[in-house]
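# Breakdown of the fold
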Amino acid sequence: MRIGLKTNKEAFSENDSSRAAFCLLVRTWAFVILSPMFVITPLILLVRDPNRRKLKNVFLRVVLGIGKTVGWLMAVPVFLFLVIVTGTKYGQLNIENAARSNKQAVSVRPEQKEFIDVRGEIHVHSFLSWDSKGTFEEIAQAAKKNGIRWIILTDHIGQLPPGNYPDEVDNVLFIYGQERCHKIDGVDCGSDLRASLKDSERHLNLYGHIEKFRRSPNQQWERCDGIELVSLHGNGRTYLGKLLAKLFWAPEEVYPDLTVATRENLTYWQKLAELEQRPIPIFAAPDAHQNMGILGVHLDPYGFIFKMISTHIWIEKNEDLNQASIFRAIKLGRTYIAFDYLGDTTGFQFWAAENANCIRVELPRLTGKLKIFRDNTLIAEYQSAPSSVSVPMPLPGFWRVEVERDGKPWIVSGQILVK
Ligand SMILES: [Zn+2]
């Protein structure tokens, strides 16, 4: 598949309307389903037991009515979140790759080469999983709508798919894989996703749900090609209570609570990088299932989820977009995480001169607040960053940047190791 220079322009004009639609959907659902319970429950009590109309029982009726209503109010969102939580399988991510042998120590883009920013999704579920009915066409349409050019499916299946599925659906590249539970001594420790490069014996191993990892800090991942630094499901679990509350009175804040790299994950990432003395490639997981709904209305359609979060890769300008070039970009650390609902991140770049005398950041056309970190410590902050920022003569360590927009996380870069 050849790709053009402009990858995801159209996708962002409807950001605001989509956020508004999300809030409206949640509020309508709360109003239509839950509000009648306030009225219906006391009415049922009155009809079934007329004696309760006596004055002495009024207090009891009010208490019962409130109790039942609160019960219903709690039951529905709890049920919904149980669906989210139980719909998640944990393990380790694993993706086959032909170019495994050339292990790189630095995740920088060579400055003399030109790159194209291509948006994609890693960790998506389809009808091949027991807990999703999503079709390839639905996934492809949602991807196209959001300027996403490639998808790595990681279904809950026993083995890698046999290879007779289409490479491309509606002009979106599909790579097939699996997600397996990763257990150590019977303890659920994370997520195992693998995708395959056809006819290849080699794998690209990505580790998902790192919030679940309970392994010893000194135990290294086997052939770790990247970690799931941000997981919508993981964050949903971490902030469950907060999200439940916000679903009702601040649904517009649900996005920023879900689309964040947690402090724990950032710390884990840094530790792993120090342990292995190399930049550890990162990606973000929508973990999209499109399996939550009520009365036939999806609460987690692929389109919504893909708009919130994605993994961008840089591939060389003259490369074709295919499985090999995508895997290569991921392994070389040429990825960054974007919460695209806040705006188009195309144009963001982060690299170091090969002699390490300078680190450069280029901001997208839409700018924001730039934060520069070394070994997870904030080194510099630009409230409204210029289009280009340089760090001359950087000290040794793992460098990375974050960009915020409207006070919310927008871009999380990979690491650059300065030795
Ligand atoms: Zn999953």
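Scoring rules and cut-offs
Residues numbered from 1 in each chain as written. Predicted model: local features only at pLDDT ≥ 70, side-chain atom pairs only at ≥ 80, totals over all residues. Heavy atoms only, no water. Helix = DSSP H or I, 4+ residues; strand = E, 2+ residues; numbered from the N terminus. Core = buried A, V, L, I, M, F, W, Y, C linked by side-chain atoms within 4.5 Å. Buried < 20%, exposed > 50% of the residue type's maximum accessible area, 1.4 Å probe, protein only. Contact = heavy atoms within 4.5 Å. Phe/Tyr/Trp six-rings, centres within 6.5 Å; stacked < 30°, edge-to-face > 60°. Pairing = 2+ DSSP bridges. Axes fitted to C-alpha atoms, helices over the stretch in contact; angles between N-to-C directions. Donors = N, O, S within 2.8 Å, 3.2 Å for Na, K, Ca; no water. Tetrahedral: all angles 85-135°; square planar, octahedral: opposite > 155°, others 65-115°. Expected span 1.5 Å × (residues − 1).

### Some details on the environment of Asn318
Among the structural elements, Asn318 can be located in the loop between strand E12 (310–316) and helix H9 (323–331). When the C-alpha positions of Asn318 and Lys113 are compared, they lie 9.8 Å apart, and in sequence the two are 205 residues distant.

### A few points about the nonpolar core
Soluble, globular proteins show a tendency: their nonpolar side chains are buried together. Counting residues in each nonpolar core, the largest one holds 72 residues, and the members touching the most others are Ile151, Phe174, Ile227 and Phe306. Ignoring sequence-local partners within four residues, the contact set of Phe174 consists of Phe136, Ile139, Ala140, Ile151, Leu153, Pro166, Asp167, Glu168, Val169 and Gln323. Core analysis: the next-biggest nonpolar cluster, separate from the first, contains 18 residues, Ile116, Phe283, Ala285 and Ala329 among them.

### Points about the packing of aromatic side chains
In total, this model carries ten aromatic pairs according to the counting rule given. Seen in terms of ring centroids, Trp314 and Tyr336 are 5.3 Å apart; in terms of plane orientation they differ by 40 degrees. Their pairing is tilted. Linking Trp314 in strand E12 with Tyr336 in strand E13 (residues 335–338), this pair joins segments that are 22 residues apart in sequence. The pair Trp314 / Tyr336 is uniform in exposure class, with both members buried. Each ring, one from Trp314 and one from Phe348, has its centre 6.2 Å from the other, and the planes form 25 degrees; the classification is stacked. In this pair, Trp314 sits in strand E12 while Phe348 sits in the loop between E13 and strand E14 (349–352), placing the two residues 34 residues apart along the sequence. Here Trp314 matches Phe348 in class, with each residue buried.

### With respect to the sheet that holds strand E15 (residues 358–362)
Taken in spatial order, the three strands make up an open sheet running E14-E15-E18, and their pairing is antiparallel. Looking at which strands have only one partner, the edges of the open sheet turn out to be E14 and strand E18 (388–392). Geometrically, the sheet is characterised by an average inter-axis angle of 10 degrees between neighbouring strands, direction not taken into account.

### Focus: the coordination of the zinc ion
Coordination of the zinc ion by the protein comes from His123 (NE2), His125 (NE2), Glu179 (OE) and Asp287 (OD), over a distance range of 2.1 to 2.2 Å. If you look at the zinc ion, its four donor atoms make angles of 81 to 171 degrees with each other, and the shape they trace is irregular. Donor residues for the zinc ion sit on one chain with the sequence pattern H-x1-H-x53-E-x107-D. Taken together, the residues span a long stretch of sequence, with His123 in strand E2 (residues 115–124) and Asp287 in the loop between strand E9 (282–285) and strand E10 (293–294) at a distance of 164 residues. Across this residue pair, the class does not change: His123 and Asp287 are buried.

### Here's the deal with helix H7 (residues 263–276)
Relative to the 20 Å expected for 14 residues at 1.5 Å per residue, H7 spans 20 Å between its end C-alpha atoms, a close match to the ideal helical length. Listed as buried for H7 are Asn265, Leu266, Tyr268, Trp269, Gln270, Leu272, Ala273 and Glu276. Those residues of H7 that are buried lie in contact with strand E8 (226–231), E9 and strand E19 (397–405). Residue Gln277 follows H7 closely and has a positive phi angle near 50 degrees.

### What about the environment of Tyr255?
Summarising the element assignment, Tyr255 is placed in helix H6 (residues 254–258). For Tyr255, a relative accessible area of 1% puts it in the buried group. Placed 50 residues apart in sequence, Tyr255 and Ile305 show a C-alpha to C-alpha distance of 9.8 Å.

By themselves, these are just geometric observations and shouldn't be taken as functional.
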